[in-house]
Amino acid sequence: MTLFNRRKALALMGGTVAASGLAAPALAANKKIKVGALRFTSHSGNFVGYERGYFAEAGLDVEFEFFQAAQPMAVAIASGDVDYAVTAVSGGLINLAEKGAIKVIGGALSEEAGIDGQKYLISDASYQAGITSLKDLDGKTYAVTQAGSSFHYMGSKMAAAEGIELRFTPLQKVGAIIGAMKSGQVDAWSIVPHIAKPLAKAGAWHMVGNVSDYIPDYQVTTVFTSAKNAANERGMTESFLAGFSKGVDDYAAAMIDGTADQDAMIDLIHKYVYTDRERAKAAPSIVNGTMRINKGAALNIASIKDQLAWFQSEGLVDADISIEQLVDPSYVDMIGA
């Protein structure tokens with residue numbers, strides 16, 4: 001049996017490793033698992049599932065491991081250090097799937113018509129210089145964390161629709177992009193509403209478009225696990241998805257549908273998100289971060305296919321990788337086909 005550590009998982013980005021594992025025993029009560037997370041409102045399904053005992057009801061003893069970015073989380077899944085996580089589709093994620101290390105098993109954050117979502121932004125310096133619409137960005141700089149990131153995908157799809165060319169500028173971290181936008185070093189970016197709105201109000205940049213207008217029903221993030229868990233730990237994986245989905249239902253009821261106590265949900269989320277702020281200051285950002293998380297972790301397979309095709313067209317992943325290598329469709333509903 002081949003064992004993966006973090007170094008070997010990183011090597012999978014460019015090399016070939018065979019993954020195998022023994023069949024798992026029946027799921028026991030209080031099965032310990034690690035769940036990777038970012039301290040974002042979009043990860044609330046996991047936070048609610050834990051705080052309200054839905055994972056425990058499903059027989060799981062969950063421990064969170066928090067990350068600063070999506071790529072290290074994917075590596076941790078591939079190495080077996082973390083069991084389940086939520087992240088955007090990226091070139092690195094697809095490459096790990098191609099090597100047989102991970103599988104997408106469900107959907108999470110989505111762009112949905114009628115729900116305020118991610119925004120396209122123009123820096124204030126560029127706006128004052130006359131770049132006031134997305135069409136005006138022809139030949140201008142567009143910030144991304146790295147080539148093959150979700151930011152790269154969103155910018156490229158918008159540019160194709162507008163018939164313009166962008167110069168993509170990799171800045172590695174969201175904090176660095178925010179600083180570059182404030183100082184006018186880059187012209188444009190796209191980001192979730194809880195970051196876009198307050199800084200637009202403060203005059204750092206201007207919101208000039210919605211991602212949903214250019215990428216309808218965009219499956220922004222996915223639920224994923226190791227290929228070993230997907231193939232050999234079905235009981236544990238189904239239990240995780242059950243607890244996660246109950247958490248998502250409560251989140252939607254409070255934050256989107258208005259059928260449950262929003263204040264109580266904000267209190268719960270605040271335990272994990274904007275913890276360095278007082279509750280009164282954190283609450284508006286938590287509310288601004290509200291977007292649809294798919295019911296039952298349903299996966300918009302049409303969106304995933306479109307993303308895969310884009311990565312292939314850009315030469316960021318191998319041209320012959322199949323959707324079957326990336327996605328295990330046996331766990332949740334496939335929608336959008």
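Residues numbered from 1 in each chain as written. Predicted model: local features only at pLDDT ≥ 70, side-chain atom pairs only at ≥ 80, totals over all residues. Heavy atoms only, no water.

Student: Can you help me understand the packing of aromatic side chains in this one?
Tutor: Aromatic ring pairs are defined here through the distance separating the ring centres and the angle between the ring planes. Across all of its chains, the model carries 17 aromatic pairs by this definition. Both rings, one in Tyr84 and one in Phe240, keep their centres 4.5 Å apart while their planes meet at 5°; by these two values the pair is stacked. Of the two residues, Tyr84 sits in strand β3 (residues 84–87) while Phe240 sits in helix α12 (residues 234–257), which places them 156 residues apart along the sequence. Of the two residues, Tyr84 and Phe240, both sit in the buried class. Counting every residue linked through ring pairs, the aromatic cluster contains Phe47, Tyr50, Phe64, Phe66 and Tyr272. Above the plane of the ring of Phe66 lies Arg39, whose end atom (NZ or CZ) is 3.8 Å from the centre. Residue placement shows Arg234 over the ring face of Tyr331; its charged tip is 4.0 Å from the ring centre. (Phe/Tyr/Trp six-rings, centres within 6.5 Å; stacked < 30°, edge-to-face > 60°. Helix = DSSP H or I, 4+ residues; strand = E, 2+ residues; numbered from the N terminus. Buried < 20%, exposed > 50% of the residue type's maximum accessible area, 1.4 Å probe, protein only. Lys NZ or Arg CZ within 6 Å of the ring centre and 35° of its normal.)

Student: Even after reading the chapter, I still don't get unusual backbone geometry, so can you show me in this structure?
Tutor: Keep in mind that most residues, glycine aside, have a negative phi and that most peptide bonds are trans. At Asp217, a position not held by glycine, the phi torsion is positive, near 60°. You can see Asp217 is positioned in the loop between α10 (211–214) and β11 (222–226). The phi torsion at Ala297 lies on the positive side, around 55°, for a residue other than glycine. Structurally, the position occupied by Ala297 is in the loop between β12 (292–293) and β13 (299–300).

Student: Is there a simple way to think about the nonpolar core in this case?
Tutor: If you look at soluble globular proteins, the nonpolar side chains tend to sit buried side by side. Counting residues in hydrophobic clusters, the biggest one holds 104 residues, and the most contacted among them are Ile102, Leu137, Trp189, Trp205, Phe240 and Phe244. Among the elements that line this core, the one with the most residues is α12, at 8 residues. (Core = buried A, V, L, I, M, F, W, Y, C linked by side-chain atoms within 4.5 Å.)

Student: Would you mind going over helix α14 (residues 279–288) with me for this structure?
Tutor: Residues spaced three or four apart along an α-helix face the same direction, because each turn holds 3.6 residues. All of the buried residues in α14 are Ala282, Ala283, Ser285 and Ile286. Its buried side turned inward, α14 meets α9 (193–201), α12 and α13 (262–270). (Contact = heavy atoms within 4.5 Å.)

Student: Quick question: what am I supposed to make of the packing of α13 against α14 here?
Tutor: Packed helices, taken two at a time, are described by the angle their axes make and the gap between the axes. Following both chains from N to C, one finds α13 and α14 inclined at 100°, their axes separated by 10 Å at the closest point. As summarised for this structure, α13 and α14 are arranged roughly perpendicular, according to the angle between their axes. Every residue of α14 that contacts α13 at Gln262, Asp263, Ile266, Asp267, Ile269 and His270 is listed here: Arg279, Ala282, Ala283, Ile286 and Val287. The residue inventory of the contact of α13 with α14, partitioned by class, reads 6 nonpolar, 2 polar and 3 charged. (Axes fitted to C-alpha atoms, helices over the stretch in contact; angles between N-to-C directions. Parallel < 35°, antiparallel > 145°, perpendicular 65-115°, else oblique. Nonpolar A, V, L, I, M, F, W, Y, C, P; charged D, E, K, R; others polar.)

Student: Is there a simple way to explain helix α15 (residues 301–313) in this structure?
Tutor: Counted at 1.5 Å a residue, the expected span for α15 with its 13 residues is 18 Å, and the 18 Å between its end C-alpha atoms agrees. Taken together, the buried positions of α15 are occupied by Ile301, Ser303, Ile304, Gln307, Leu308, Trp310 and Phe311. Residues of α15 that are buried sit in contact with α5 (91–98), α7 (150–162), β11, β13, α16 (323–326) and β14 (334–335). Of the residues flanking the start of α15, the one acting as N-cap is Asn300, its side-chain oxygen 3.2 Å from the backbone nitrogen of Ala302. One or two positions beyond α15, positive phi appears at Gly315, with a value near 70°. (Expected span 1.5 Å × (residues − 1). Polar contact = N/O pair within 3.5 Å; in protein donor to acceptor, adjacent residues only side chain to side chain.)

Student: Where do I start with the pattern of salt bridges in this structure?
Tutor: Between side chains of opposite charge, pairing is possible as soon as their charged atoms come close. Counted under the stated rule, the structure contains 14 salt bridges. For Glu65, the salt bridge is made with Lys34, and the minimal N-O distance between the two is 3.7 Å. Taken together, the positions of Glu65 in strand β2 (residues 60–66) and Lys34 in strand β1 (residues 31–37) put the pair 31 residues apart, joining distant regions of the chain. Measuring nitrogen to oxygen at the nearest pair gives 3.5 Å for the salt bridge that ties Lys246 to Glu57. Taken together, the residues span a long stretch of sequence, with Lys246 in helix α12 and Glu57 in helix α3 (residues 54–57) at a distance of 189 residues. One connected set of salt bridges, linked through shared partners, spans Asp116, Lys119 and Lys197. (Salt bridge = Lys/Arg side-chain N within 4 Å of Asp/Glu carboxyl O.)

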